[in-house]
Structures are given as structure tokens and as C-alpha cells.
Amino acid sequence: MTSKEMEERSGVPRANIRYYEAEGLLSPSRAKNGYRAYSEEDLAALEKIKLLRRLGVTMEELKELTAGRLELAAVLDRRLAEVGGERASLDRVEEVCGRLRTAGETFAGLDAGTYLDALDAPALPPEGGEVWWKTPHGPALPETDALPVCTSIPRRLFARLFDELGMRMLVLCAMALLGTNPVSHATAITLLAGFLLLFVEPLLLHLLGTTPGKALMGLRLEATGGRKLTYAEGFTRYLLLLWYGLGLGVPIFNLVRYYQCAKRCGEGEPQPWDTDIAYIEKPFRWVNPAAYLLAAVLVLAAAETVNAWSQLPPNRGELTVAEFAENFNRQADYLDMTFSGQRLDENGRWEDLPFNGTAYIAVGDWGPKNLPFTYTVENGRLTAVTLSAEKENTEDWLTLPTGQMEATAMAFTWAQKGVPLRTTARRELLEQMESAGLEGFTLRQGGTVLTLEVRQRGFRYSDSLGLLLPEEGNENFCSFTFTIALEEEQ
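The model shown is predicted, which means the values in this text are computed figures rather than measured ones.

What counts and what doesn't
Residues numbered from 1 in each chain as written. Predicted model: local features only at pLDDT ≥ 70, side-chain atom pairs only at ≥ 80, totals over all residues. Heavy atoms only, no water. Phe/Tyr/Trp six-rings, centres within 6.5 Å; stacked < 30°, edge-to-face > 60°. Helix = DSSP H or I, 4+ residues; strand = E, 2+ residues; numbered from the N terminus. Buried < 20%, exposed > 50% of the residue type's maximum accessible area, 1.4 Å probe, protein only. Core = buried A, V, L, I, M, F, W, Y, C linked by side-chain atoms within 4.5 Å. Salt bridge = Lys/Arg side-chain N within 4 Å of Asp/Glu carboxyl O.

(A) Here's a closer look at the packing of aromatic side chains. Within the structure shown, the criterion is met by 15 aromatic pairs. Plain terms: the ring middles of Trp 243 and Phe 253 are 5.3 Å apart, the flat faces sit at 50° to each other, and that makes the pair tilted. Of the two residues, Trp 243 is situated in helix H10 (residues 231-245) and Phe 253 in helix H11 (residues 253-266); the sequence distance between them amounts to ten residues. Residue class for Trp 243 comes out partly exposed when judged on its relative accessible area of 38%.

(B) Fine view of the nonpolar core. Phe 324, Phe 328, Phe 373, Met 433 and Phe 441 are the most contacted members of the largest nonpolar core, which has 46 residues in total. Counting only elements with at least two residues in this core, the list comes to helix H13 (321-334), strand S7 (373-378), strand S8 (381-392), helix H14 (402-412), helix H15 (423-436), strand S9 (441-445), strand S10 (448-457) and strand S13 (479-488). When residues in this core are grouped by element, the largest group, six residues, is from H14. Counting 21 residues, the second largest nonpolar core, distinct from the first, contains Ile 17, Tyr 38, Leu 62 and Leu 65.

(C) Expanded view of the pattern of salt bridges. Scanning all chains against the criterion turns up 23 salt bridges. Between Arg 36 and Asp 276 there is a salt bridge; the shortest N-O distance is 3.1 Å. You can see Arg 36 sitting in strand S2 (residues 36-37) and its partner Asp 276 sitting in the loop between H11 and strand S4 (278-281), a full 240 residues away along the chain. Here Asp 276 falls in the partly exposed class, since its relative accessible area comes to 35%. Measuring nitrogen to oxygen at the nearest pair gives 3.9 Å for the salt bridge that ties Asp 333 to Arg 343. Of this pair, Asp 333 sits in helix H13 while Arg 343 sits in strand S5 (residues 342-344), and the two are ten residues apart along the sequence. Under the relative-accessibility criterion, Arg 343 is labelled partly exposed at 25%.

Right, dumping it as C-alpha cells:
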């Protein structure tokens, strides 16, 4: 029979049945589909457990009875003696309360010693012939005979989101410190974070019994007997979570899984990955969401700080031409700019990179060697960088070399000590440079002045292509000149 049939026939909730299984009192077989299959013998054993637990027999005694190491008569004798003592104690309480009420005692004038002696006196003989006006209900199964189940969807969800956020931020920081731009690897960060969490979460559950997200939400997991999960149990639990809870991230299928999880929580059922695990939920306190928000802000701030610091050029302060060239090449690599397979040498001149099989294309024929840098050096210190080029009487389609311009700004401007650390300031500067387009600009940042001047004749701008096209008939009379200069502000 199934778990549901077992529950209906025995009158024992499934949570209690799972608890008795976890304690080793029931051992149902497993069907081919992995579900529990109960026999009539299991039902009879469960009814014995139900009876004896309602009579007050302890779990330890039940285990001894099941193993054949204890006789039922001895257990019942102990329980009878215990119940007799409890009854005598209650009779004494009733008798003393009655005397106090009859005597009209007040709290201020109460002589407690006399009545304490009465409580400690031998048991009174029972009075015969009493008739209860109402038959009392028999004792129910103890509330402790069930594995705790966390059915709070918000607490479970936010705990999971925090753990995933924390792992993503760790991966992001590692990539940033290794010189890889995490912005262009969002999918890789998600996949790698999920893969690492497969190994990290079981370790945390084995060592601590919780994870950062669960701890912030007041949640804790325990195996049978109150022990922490083994690493293998935690690993298996996470694999089941990936399938039954997250649907392996497969679109549509994962939404079905989310719905099934929410339905189980609404019915008070454990999730498939928590069937034999005690999911302990502490009473809700407002300190939990407050701590959660604070921790999330700190994690995001730490990741942003590491990411911002990793984007700074390697050389800062007063630069030489060689240091600027190193900064430029570092920023070009970080922003994934190829510049037709060329980079700056230690003299600030373009040189070819070793051929790696990649075909490089220079849009609009602005090859790097046609865009030489001009440097202003005072007493060995670089004070200005200028990038300029000119085209005349051409049929080429032209546009500004924004890649070189952006890498130059990052290499020179962000080498100054007065620039802000946050990445938003860098993005704002690059966006201002890009939005200005052919209109030119004069921008200031961190003690640096950036100036772009554009002069053109005989070209028309194509909005659809984002390029300058020579006007028909004017190919021999057109010209295009641009100059971008970065210099220290005086």
C-alpha cells in the first residue's frame, strides 16, 4: 500500500510515519519507481507503535521492544507505576487547591509551609464510587513524533537565493582578480556558481548544519538522532533538489517544479529532498529579514569593490610612456578589444601580436598603424596623450575608433589617483564619450581633461549603419579629421 493508504488505514499522519521510519521502527520496501510500499505487517507494526506511544511508552523502550531486548510486561509495569504516581500527584494538587479555596486564603496572608507539607504527605486513598460527568479523551500521539518540516515558502526561497547570490559573487570576484571581465561572462558565472554550490553546500551542512542563507532565515537541517548530515547525504540532497526543486533549470519544466514545491508547502508536506531530514524552523523574528538585507548589501558591496579594484590599470600616479602602454594593453584585454591584432610596445607604438589563427578586420580602414599616439612628456613624466587621424578624398566608410578612445581614457584617466573607485563612474564617462559622437566633447574626470574635436566635409551620416558615408560625386573632395586629447588639468 502507498503512504496515503497507510495514513488512511492507520489514522497516523504521514509525518509521524516518516519519523518512525527514520527511527528504525518501520522498514517498508521500495517499489521500482522508488516510492515506499507498505505491507499488512507494516500496518500492524504501526498500530502497535501508535497504541504504545499513546500509552506513554518511550521511543527508547519501543526500540528495545522491537529488537526483542525488552519484555512488554516490564514496560507496562513501569508505565503503570508512573501513571499511578502521576494520578496521586494530581489528586494531591486537587486536594491542596481545595483546602486553599475553602480556607479563603489570600496571597498576602498565605502560610505556604502548611500546605507544602500537605503536598509532600503520602498519597490519599482514592474515594470509591466517583462517576465522571464526561468521558475524557485518550492521549494523542506525542507532538515530538514527527520530523520537523519547514513549509514557509518565503524563508526557504530567500535562503536559497542568498546562497546562490553569495556563490555568484565569489565566482565574479575570482574572475575579476584573474583579469577576466565578468560582465561578458554572466552565463558562465551562473553555471560555475551552481556547479561549485553542488560541493560547497553539502560541506556546510555537514560541518555547520546550515548554510549562510538558511542561518539568516533561522533554518537548520538535522539527520536522524539530531546529528548533522554526512557529506554524502548533503550531496544526495542537493542532487534531488536540482531535479525536483529546480527542474535542472530547464525552461517551462522548472516552472512546473516550482508549482509542485509550492503545493507541497501549502499541504504541509516535506520536499522530496527533505523526506528523511528534520528541517528545523525557528520562530520568525524581524531580526532575520533585517540581518538578511544587511548581509546581502555587504556581499554586493564587497563584490563591487573587488570588481572595481580589478579594473584599475596596473600603473597609477605619474606615468611613463611604457607604463601607459602597459595600462592600455591591460584595458584592451579586459574590454576584449583586438585592434586588428596589434598592441602597444614599450615605446607606445603599435606592434603586431603573434598570429593565433584569428582574422582581424579594421572597420572603415582605421588600422591601428594609421592611428599613432602622440605623447607629451615632461621630466620623464607623461602629461598628455593625443590620438588623431585624417582621411581625404576616400570612398571608405568611416566612424570614430571608439575602442581605442575608451581604452585610452581607462589607461590614462583612471591612472590618476583622484578618480573614483566605483565602476559606475567609469561607465558614465564612457557613455558620455559615446553619446557625444561626432559633435565632440570636453569632459573632466579625476584631474584629467578629455577633449574630442571632429572636422568633416563631404560625408553624410547613416543612422541605420552608424557610419559616415562619402556623398556621391564628392569622393575626391571629402575630408575627415578627428583628434582626441587627454591631458592633466592645470
